[in-house]
Every structure is written in structure tokens, then in C-alpha cells.
Amino acid sequence: MKKGLGFLVLLVLLIAGGAWYLLSGAGDFIRAQIEEQGSQYLGSAVSVANVDLALTDGRMTISDLSVKNPTGFSTENAFSVNAITLDLGEVLNEPYIVQTVNISAPEILYEVDASGQGNLLALKDNLQANLPKTQDEPSPAAKDGPNPLVIVENVTVSNVRLKLNFEQLPTGDLNIKTKSYEVTLPTFNAGPIGKPNGMPADQVGMAVVNAMLDNVIASAKLEAKKRLEAEAKKKVKEELDKQKEKLLEKAGDKLKGLFN
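Residues numbered from 1 in each chain as written. Predicted model: local features only at pLDDT ≥ 70, side-chain atom pairs only at ≥ 80, totals over all residues. Heavy atoms only, no water.

Digging into the overall build of the protein chain
Scanning the protein chain for helices and strands turns up 4 helices and 10 strands. Along the protein chain, helices (α) and strands (β) appear in the sequence α-α-β-β-β-β-β-α-β-β-β-β-β-α when read from the amino end. Looking at the protein chain residue by residue over its 260 residues, the buried ones come to 46%. Accessible surface computed for the protein chain: about 13,200 Å², of which carbon and sulfur atoms make up 51%. (Helix = DSSP H or I, 4+ residues; strand = E, 2+ residues; numbered from the N terminus. Buried < 20%, exposed > 50% of the residue type's maximum accessible area, 1.4 Å probe, protein only. Areas by Shrake-Rupley, 256 points an atom, 1.4 Å probe, with all protein chains shown as cover.)

A few points about unusual backbone geometry
Along the chain, Lys 195 connects to Pro 196 via a cis peptide bond; the corresponding omega equals 5°. For Pro 196, the position within the fold is in the loop between strand E9 (188–190) and strand E10 (199–200). Of note, the phi angle at Asp 64 is positive, near 50°, even though the residue is not glycine. Tracing the sequence through the fold places Asp 64 in strand E2 (residues 59–68). On the basis of relative accessibility, which here comes to 40%, the residue Asp 64 falls in the partly exposed class. Its identity as a non-glycine residue notwithstanding, Ala 105 has a phi of 55°, on the positive side.

Some points on the confidence of the model for the protein chain
Looking at the protein chain as a whole, the pLDDT averages 76, with 70% of positions reaching at least 70. Predicted confidence for residues 13–24 stays below pLDDT 50, and this span has 40 contacts to residues more than four positions away or in other chains. (pLDDT = per-residue confidence, 0-100. Contact = heavy atoms within 4.5 Å.)

Describing helix H2 (residues 26–42)
For H2, spanning 17 residues, the distance from its first C-alpha to its last is 23 Å, which sits close to the expected 24 Å at 1.5 Å a residue. Among all positions of H2, only Ala 26, Gly 27, Ile 30, Gln 33, Ile 34, Gln 37, Gly 38, Tyr 41 and Leu 42 are buried. Projected onto a plane normal to the axis of H2, the buried residues spread over an arc of 125° and lie on a single side. Backbone geometry just after H2 places Gly 43 at a positive phi near 65°. (Expected span 1.5 Å × (residues − 1). Arc of directions from axis to C-beta.)

Looking at the pattern of salt bridges
Enumeration according to the criterion identifies 6 salt bridges in this entry. A salt bridge links Glu 107 to Arg 161; its shortest N-O distance comes to 3.7 Å. Taken together, the positions of Glu 107 in strand E5 (residues 107–111) and Arg 161 in strand E7 (residues 160–165) put the pair 54 residues apart, joining distant regions of the chain. You can call Glu 107 partly exposed: its relative accessible area is 22%. Close ionic contact of Glu 153 with Lys 195 constitutes a salt bridge, the shortest N to O distance being 2.9 Å. Of this pair, Glu 153 sits in strand E6 (residues 149–158) while Lys 195 sits in the loop between E9 and E10, and the two are 42 residues apart along the sequence. (Salt bridge = Lys/Arg side-chain N within 4 Å of Asp/Glu carboxyl O.)

Comments concerning the side chain of Lys 124
One can find Lys 124 in helix H3 (residues 119–129). Other than its neighbours up to four places away in sequence, Lys 124 contacts Asn 210, Leu 213, Asp 214 and Ile 217.

Encoded structure:
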């Protein structure tokens, strides 16, 4: 979200476990799986430029991850980020440990159409449709293959650059001129996930993505509410000032009549 919803980047967890089985070409495997499975889970195209898995350093870096807007919205990305880093813990035995997932300065678009439907809500609905009802049940969008147990100690998303776009949303008599603006959200932390025994990698990924979506959607709605309230107060003040002038004019005429 270009640069950018730190949340979708965590789709790496859907396939990270499988990648640990493949020390040769693991980066390409993870990149392909993030794009394929991420696109299926979210119902929108996911792309990744590169994945670097450095087991000797205990780190994995996902570069230039982006998620397209769902159908019915603009052609902009819903989410993009330059780099996401995962500091790995125990990767030799299950449950595999991801100590931290760091997502810095992602760009996230919260767009609302003419009916009031939000793009992030549409992505969340797609995601919910693919969530298993129980931990033992596979996700509808999951592929056959390795799905090891994973624990994530902590997820940190910092300096989120949130763009709100309400250009298509009618605002009635408020007649708001500026319907597109950007805000920076406070750091968001989530975790641990999967303790104590670990969760299947795809379900861990879904849990993280859901948490991220919930946090960003709530923040976006709060910012939108603040802006609408500010515009409404401004409009009310303008109307009151107009009425005040009219009342003063009428009062002036009556006073003149009394003096005459």
C-alpha cells in the first residue's frame, strides 16, 4: 500500500513453516506461496518482489509486498510496504517460533464507495469466509501440503500511513470539500499467537491478519468520525452565523420603526 496494510504481509505465516523444510530455494517458494495463497484468502491480487531467508542470521525479509483493492473499488493498492522482517526463533522442531514480526511504515488505503462499503471490510469478509470453524479444521482456501505448528511471540506495526478516501460517498448538506486525507496511526502490537502448543501455520496467519484488519478498520472509522464531526460543526456554525445576521437585520429594522 508502492510503499506500504502491514497486516497482509503476515500471510507469510501461511507458508513459512513449509519453507523451513526447504533450505534450497526457500525464498522463491515463500514468495510464490504468499502470492498464491494470499490472493485466494483475500480475494484480491497479492504480489511480493522478493523473500530473503537467512537462517544463519535467524531472519526473513519480505520486500515490496502489496495487496490490490478488492473488486468494486479503485485501482489503487489497499496495502503496500517496502519491507517486513521476521526474527526467527526455534526452526528445527515444531512448534516453530517466530520471535517478532516487524512491519514499518506500511501504506494502507481505507476507501468507501457510494453505498458506504469499505475496501478493508470487503477484504475482511473474504478472509472470514476462509477461516476454519475449529483449529483442527483446514481453511477452505488452504492448499494440500506442509502445514506445521507455529508460534508468533509478537507482531509490531509502526508508523502506519493511513489514507482515507470518501470521494464516492455522498455527504448530503454537509457538502464536504476534502474527502481524501492521510493520518499516521500509533504503533500496534499483537501476540503471542499460537501459545502454548502452536497453531497450524495457515491459521496463525489468519489470526494475525484478522487482528491487523480489526485494528486498522477501527482506527480508520474513528478518524473518519472525527473529520465528519468537525465538518458538521463547521457547517452548523456557518448556518448559525447566517441566521444571526438575518436576525440582526430584522431587529435593526424594528428598532428603526420604533424610533421613527
